[in-house]
Amino acid sequence: MGRFDGRVVVITGAARGIGFGTAQRFSAEGAKVAIIDLDEAAAAEAADRLEGEAVGIGCDVSDAAAVERAFERVVAELGGVHVLVNNAGITRDNLLFKMTETDWDLVMNVHLKGAFLMTKAAQKHFVEQKYGKVVNLSSVSAWGNRGQANYSAAKMGIQGFTRTLAIELGPFGVNVNAVAPGFIATEMTDATAARLGLGVEEFRELNAQNNPVRRVGFPEDIAAAVTFLASDEASYVTGQTLTVDGGAKLVS
Ligand code: NAP
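Cut-offs and rules
Residues numbered from 1 in each chain as written. Predicted model: local features only at pLDDT ≥ 70, side-chain atom pairs only at ≥ 80, totals over all residues. Heavy atoms only, no water. UniProt positions renumbered as here; feature names shortened; annotations may be inferred. Salt bridge = Lys/Arg side-chain N within 4 Å of Asp/Glu carboxyl O. Helix = DSSP H or I, 4+ residues; strand = E, 2+ residues; numbered from the N terminus. Buried < 20%, exposed > 50% of the residue type's maximum accessible area, 1.4 Å probe, protein only. Axes fitted to C-alpha atoms, helices over the stretch in contact; angles between N-to-C directions. Parallel < 35°, antiparallel > 145°, perpendicular 65-115°, else oblique. Contact = heavy atoms within 4.5 Å. Nonpolar A, V, L, I, M, F, W, Y, C, P; charged D, E, K, R; others polar. Expected span 1.5 Å × (residues − 1). Polar contact = N/O pair within 3.5 Å; in protein donor to acceptor, adjacent residues only side chain to side chain. Near = heavy atom within 4 Å. Areas by Shrake-Rupley, 256 points an atom, 1.4 Å probe, with all protein chains shown as cover.

Under an unreviewed UniProt entry, the name given to the protein is 3-oxoacyl-ACP reductase FabG, and the source organism is Nocardioides malaquae. According to the UniProt record, the Sequence similarities (unreviewed entry) comment for the protein reads "Belongs to the short-chain dehydrogenases/reductases (SDR) family."

## A look at the pattern of salt bridges
One pass over the structure, following the stated rule, counts 13 salt bridges. In this structure, the salt-bridge partner of Arg16 is Glu187, at a minimum N-O distance of 3.2 Å. Here Glu187 lies in helix α6 (residues 187-195) and Arg16 lies in the loop between β1 (8-12) and α1 (17-28), a separation of 171 residues in the sequence. Under the relative-accessibility criterion, Glu187 is labelled partly exposed at 47%.

## Regarding the packing of α6 against helix α7 (residues 200-208)
Look at α6 against α7: their axes get within 9 Å of each other, and the N-to-C directions meet at 105°. Here α6 lies roughly perpendicular to α7, going by the angle between them. Mapping the contact onto sequence places Thr189, Asp190, Thr192 and Ala193 in α6 and Val200, Phe203 and Arg204 in α7. Of the residues contributing to the contact of α6 with α7, the split by class is three nonpolar, two polar and two charged.

## Some thoughts on helix α3 (residues 64-78)
With 15 residues, α3 should reach 21 Å at 1.5 Å per residue; the first-to-last C-alpha distance of 21 Å fits that figure. The inward-facing, buried residues of α3 abut β1, β2 (32-37), β3 (54-58) and α4 (101-129). Sitting at the head of α3, Asp63 places a side-chain oxygen 3.1 Å from the backbone nitrogen of Ala65. Two residues or fewer past α3, Gly79 is found with a positive phi of approximately 90°.

## Concerning unusual backbone geometry
Of note, the phi angle at Lys130 is positive, near 50°, even though the residue is not glycine. Tracing the backbone shows Lys130 in the loop between α4 and β5 (132-137). One non-glycine residue, Arg214, lies in the positive phi region at around 55°. Within the secondary structure, Arg214 sits in the loop between α7 and α8 (219-230).

## Concerning the site of the ligand
In the region of the ligand, 28 residues are neighbours, and Arg16, Asp37, Asn87, Tyr151 and Thr186 sit closest. Asp37 places a side-chain nitrogen or oxygen 2.7 Å from an oxygen atom of the ligand. Within the side chain of Asp60, one N or O atom sits 2.9 Å away from a nitrogen atom of the ligand. Considered on its own, the ligand offers 900 Å² of accessible surface; in the complex 90% of this is hidden by protein. Within the residue set of the shell around the ligand, elements represented by two or more residues are α1, α4, α5 (149-169) and α6.

Have a look at this one:
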């Protein structure tokens, strides 16, 4: 028996990276999974790679009408919704004096407006059925990171959003938590390496030396934390942000 047998899990930005790793873990533990991502073909292909029942849906999480349509499809095709993982994310890094208004707005829209729209759509189902789990992706960058004023503000915003929804939705059987990853080896951090003019392995090795466990994180590390927070074992945990960074924040 899996921890998520009979549960429908919606994960945004899940065609690759942390989202896909998390989708694999939920699927392996019995969940039906909806992979939401910008590109419908990539989402469908990722869904096909999961071991259990899954659907891939193309949706920009910052587009209210697209989010409504995506939820209609999830309910029609998978039969309900019990867990939402707000994972979709982008970076548009620059020092403040070079950061454009467009790059500020893009980052806010995907992380904050996206989480708002997705959670608002999900909570209708959660409150009605008196059961739901929301896990939001924050980041250790929330506590400040040079060149990431937009991303850092959005990721700290996610923590305030998480705490507030935990207060509002707790009485309706809904737990809301966040995970703040440190360095995780994905295309997002590979792109950062390229921007800094470093090789992928060189950048990973540098980051591995910045934490007590002396390795970088992988999507599986975040999947383990997300699935714990979305499980019934964590039903007395809400409004929390769990840092998963190999202890990097302790020594920085
Ligand atoms: P990733 O490899 O870049 O994957 C992000 C996915 O989100 C991509 O498939 C992307 O689609 C999708 N996406 C972007 N904008 C979207 C939108 N508007 N609507 C729907 N999907 C959208 O990133 P990751 O490293 O797995 O990161 C996942 C989450 O963890 C993000 O919230 C990120 O901020 C957070 N995080 C990551 C790290 C890390 O070290 N990797 C650390 C801390 C926090 P496209 O490919 O089409 O753009």
